[in-house]
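Chain and residue survey
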Amino acid sequence: MFALLEQAGFRRVKSVVVPGFRFRNQGTQNSAEAYGVKAVLFTAEKPME
Amino acid sequence: MTETPIRSIADEQESLEANLKDEILRMYDEVAEQPDGDFHFYHGRDAAERFGYDPALLDRAAPGAVASFAGVGCPHERSRVEEGMTVLDLGSGAGLDGILASWATGPSGHVIGVDMNPAMLQRAALHAEASGARIEVREGRMEDIPVEDDSVDVAISNGVINLSFRKRRVLRELFRVLKPGGRISITDIVSAKQLSQSIVNDPKLWAS
């Protein structure tokens, strides 16, 4: 996503992992962890010019 | 002569997208209609508090908007929305994020909620009204955002972009609608590894 945002033209792209995110169902959470699935907060700006 | 493989991949993706759209509509309707239901993900007030939403603001919002919340984080944490701004809530759902943005922009601001689900847009408008907020709801898809070029100060989105097969296009659309100097604050699900084909081909897993 980070790279896609830059490719779209965004600048000052920043990301931080959402600490409280997890799936309720333990099986789903285990699979998510195996794939490195995380919730992330992205911020970015459209340049002035 | 047989059909080219490229066409067949495109057909397959089109069919998968159609299934995914149906499954997403079904899933979010279910969350809105049965907020006490058993889902893979945390939702409602439990989820909102887990992600850092201010409990006082949750108390002030229409209970239906809070109960139907199905985000994956808190985009407001870094959105820096100010009075008078125009805010786009992409995938506005039952309206909680739009309501919070509307309170931040005040009466001189403008919040546009875009969602592909007309029933959800209706809910968002009702929840906004009941919360003393104003959200202009527009039906549309995130790949073709029904918003004018260079018109938005801040775009927020919560757990929605990962549902699209065309993320590049969604991000280009967000870039298009933002004013120069405008910004995004979006929370979403990302995966460090390529998902297996069985996951990619299962709309139920995508939607959850």
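Description of the structure in this document.

**Details of the overall build of chain A**
Along its length, chain A carries two helices and two strands. Put simply, chain A runs from its N terminus to its C terminus through helices and strands in the order α-β-α-β. Counting only C-alpha atoms and orienting by the principal axes, one finds that chain A spans roughly 45 × 20 × 10 Å. For chain A, buried positions account for 24% of its 49 residues. Expressed as a percentage of contacts within chain A between residues at least 6 apart in sequence, the contacts between residues at least 24 apart total 59%.

**Some words on the interface of chain A and chain B**
A common way to report how large an interface is uses the accessible area buried once the components associate. Contact residues are listed per partner, giving 28 residues for chain A and 32 residues for chain B. Broken down by secondary-structure element, the contributors of at least two residues to the side of chain A that touches chain B are α1 (2-7) and β2 (37-45) of chain A. Pairing geometry for β2 of chain A and strand β5 (residues 178-191) of chain B, over nine bridges, is antiparallel. Residue pairing for β5 of chain B: V40 of chain A is matched across the bridge by D188 of chain B.

Calculation rules
- Residues numbered from 1 in each chain as written.
- Chains lettered and ligands numbered in written order.
- Predicted model: local features only at pLDDT ≥ 70, side-chain atom pairs only at ≥ 80, totals over all residues.
- Helix = DSSP H or I, 4+ residues; strand = E, 2+ residues; numbered from the N terminus.
- Buried ≥ 20, exposed ≤ 12 C-beta atoms within 10 Å, placed from the backbone.
- Contact = placed C-beta atoms within 7 Å.
- Pairing = 2+ DSSP bridges.

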